Amino acid sequence: KSYVDARLEFFDAGTDIALIDQAEAKAKQIQTQLWNLTAQITQHERSAVTTSFVYALNEVIDLQTERAAALRNTIPKIVYWIMLLITCIGLGSLAFSWGSGTGTGRRSLSLLVFLFVSAFTLIRDLDRPREGTITSNQEPMRALQRSWRK
């Protein structure tokens, strides 16, 4: 139960680094306790059940490590600046061709601006799962937490 609480605290911390670190430390402490207990049990009992439990616990720890890494490893700011430069060059080229009479018109320019802004926003939103409109759904974890409190 406390591990589920720690996982939800990790997500609910939002962008507050101190709260994220605190929740992550709490989860790691629980993981260590679980791993130590598992090591003690497996010294005396080696059955299919204990093997399955060790595998499942290892998966939980691995998934948490991947999840924490994914939240911390974001796209570098230089990539956003390069995307902005490419966007400006593309829009400038289209505006130049439109201004010189060889372009396709305002609709094309407006559509291209919309597409560039949409792509840029989507990339930024996907890169930061704690912010924006696209976030990680924690409802399965919350449902598990509610079921244990009954």
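What counts, and where the lines are drawn
Each chain has its residues counted from 1, following the order in which its sequence is written. The predicted nature of this model means local features are confined to residues of pLDDT at least 70 and side-chain atom pairs, given and counted, to a pLDDT of 80 or more, with totals for whole chains, interfaces and linings taken over all residues. The basis for every side-chain value is the complete set of heavy atoms in the structure, and neither hydrogens nor water enter the calculation. Numbering goes from the N terminus for both helices and strands, where a helix is a DSSP run of H or I of at least four residues and a strand is a run of E of at least two. It is over C-alpha atoms that the radius of gyration is taken, and the globule rule equals 2.2 Å times the number of residues to the power 0.38. Each residue is placed in one exposure class: buried if its accessible area under a 1.4 Å probe, protein chains only, is under 20% of its type's maximum, exposed if it is over 50%, and partly exposed if it falls in between. Polar contacts here mean pairs of N or O atoms no more than 3.5 Å apart (in protein, one a potential hydrogen donor and the other a potential acceptor; neighbouring residues in sequence count only if both atoms are side-chain atoms). For this analysis, a nonpolar core means a set of buried residues of the types Ala, Val, Leu, Ile, Met, Phe, Trp, Tyr and Cys, connected via side-chain atoms within 4.5 Å. Here a residue-residue contact requires only that any non-hydrogen atoms of the pair lie within 4.5 Å. Paired rings are identified among Phe, Tyr and Trp, the last through its six-membered ring, by centres lying within 6.5 Å, and are further divided according to the angle between planes into stacked (under 30 degrees), edge-to-face (over 60) and tilted (the rest). Each ring is checked for a lysine NZ or an arginine CZ that lies within 6 Å of its centre and within 35 degrees of its normal; such an atom marks a charge sitting over the ring. Here a helix's expected span is defined as the number of its residues, less one, multiplied by 1.5 Å. One confidence number per residue, pLDDT, is output by the predictor and ranges from 0 to 100. Orientation is described by axes fitted as lines to C-alpha atoms, over the contacting stretch for helices, and by angles from 0 to 180 degrees between their N-to-C directions. Between 65 and 115 degrees an angle is taken as roughly perpendicular, under 35 as roughly parallel, over 145 as roughly antiparallel, and anywhere else as oblique. Two helices cross in a left-handed way if the nearer one is turned anticlockwise from the farther one by less than a right angle. They cross in a right-handed way if the turn is clockwise. Amino acid classes used here: Ala, Val, Leu, Ile, Met, Phe, Trp, Tyr, Cys and Pro are nonpolar; Asp, Glu, Lys and Arg are charged; the rest, including Gly, are polar.

Thoughts on the overall build of the chain
Next up, step 1: Counting secondary structure elements, the chain contains six helices and zero strands.
Next up, step 2: Helices (α) and strands (β) of the chain occur, in sequence order from the N terminus, as α-α-α-α-α-α.
Next up, step 3: Here the C-alpha atoms of the chain give a radius of gyration of 24 Å, more than 25% beyond the 15 Å that 2.2 N^0.38 yields for 150 residues.
Next up, step 4: Reported as C-alpha extents along the three principal axes, the dimensions of the chain are approximately 85 × 30 × 30 Å.
Next up, step 5: When burial is assessed residue by residue, the chain has 23% of its 150 residues classed as buried.

Here's the deal with the side chain of T42
Next up, step 1: Of note, T42 is situated in helix α2 (residues 17–44).
Next up, step 2: At a separation of 3.1 Å, a polar atom in the side chain of T42 contacts the main-chain carbonyl oxygen of A39.

Description of the nonpolar core
If you look at soluble globular proteins, the nonpolar side chains tend to sit buried side by side.
Next up, step 1: In terms of nonpolar packing, the biggest core is built from five residues, these being F10, A13, I20, A23 and A68.
Next up, step 2: If we ignore the near neighbours within four places in the chain, the residues touching I20 are F10, A13, G14, T15, R72 and R130.

Regarding the packing of aromatic side chains
Next up, step 1: All chains considered together, the criterion is met by one aromatic pair.
Next up, step 2: Their ring planes at 75° and their centres at 5.5 Å tell us that Y80 and F120 sit as a pair that is edge-to-face. Within this pair, whereas Y80 is found in helix α4 (residues 77–99), its partner F120 is found in helix α5 (residues 106–127), the two being separated by 40 residues in sequence.
Next up, step 3: The residue whose ring lies beneath R7 is F10, and the NZ or CZ to ring-centre distance is 4.6 Å.

A few points about the environment of R146
Next up, step 1: Here R146 is to be found in helix α6 (residues 139–149).
Next up, step 2: Taking the C-alpha atoms as reference points, R146 and R72, separated by 74 residues in sequence, lie 29 Å from one another.

Some words on helix α3 (residues 48–72)
Next up, step 1: Look at α3: 36 Å from first C-alpha to last across 25 residues, which is about the 36 Å you get at 1.5 Å a residue.
Next up, step 2: By the burial criterion, the buried members of α3 are T50, L57, I61, Q64 and A68.
Next up, step 3: If you follow the buried residues of α3, they end up packed against α1 (2–12) and α2.

Thoughts on α2
Two residues of an α-helix separated by three or four positions point the same way, owing to the 3.6 residues in each turn.
Next up, step 1: Between its first and last C-alpha, α2 extends 41 Å over 28 residues, near the 40 Å set by a 1.5 Å rise per residue.
Next up, step 2: Taken together, the buried positions of α2 are occupied by I20, A23, E24, A27, I30, Q31, T38 and T42.
Next up, step 3: Where α2 is buried, its residues contact α1 and α3.
Next up, step 4: Capping the start of α2 is the job of one residue whose side-chain oxygen sits 3.1 Å from the backbone nitrogen of A18: D16.

Focus: the confidence of the model for the chain
Next up, step 1: Across the chain, the average pLDDT comes to 81, with 95% of residues at or above 70.
Next up, step 2: Mean pLDDT per element in the chain: α6 is the minimum at 78, and α2 is the maximum at 86.

Quick notes on the packing of α1 against α6
Next up, step 1: At their nearest, the axes of α1 and α6 sit 10 Å apart, and the two run at 140° to each other. Taken together, α1 and α6 sit at an angle that is classed as oblique. In the packing of α1 onto α6, the handedness of the crossing is left-handed. Residue-level inspection shows V4, D5, R7, L8, F11 and D12 of α1 in contact with α6, the latter providing M141, R142, L144, Q145, W148 and R149.
Next up, step 2: Across the contact of α1 with α6, the residue classes break down as six nonpolar, one polar and five charged.

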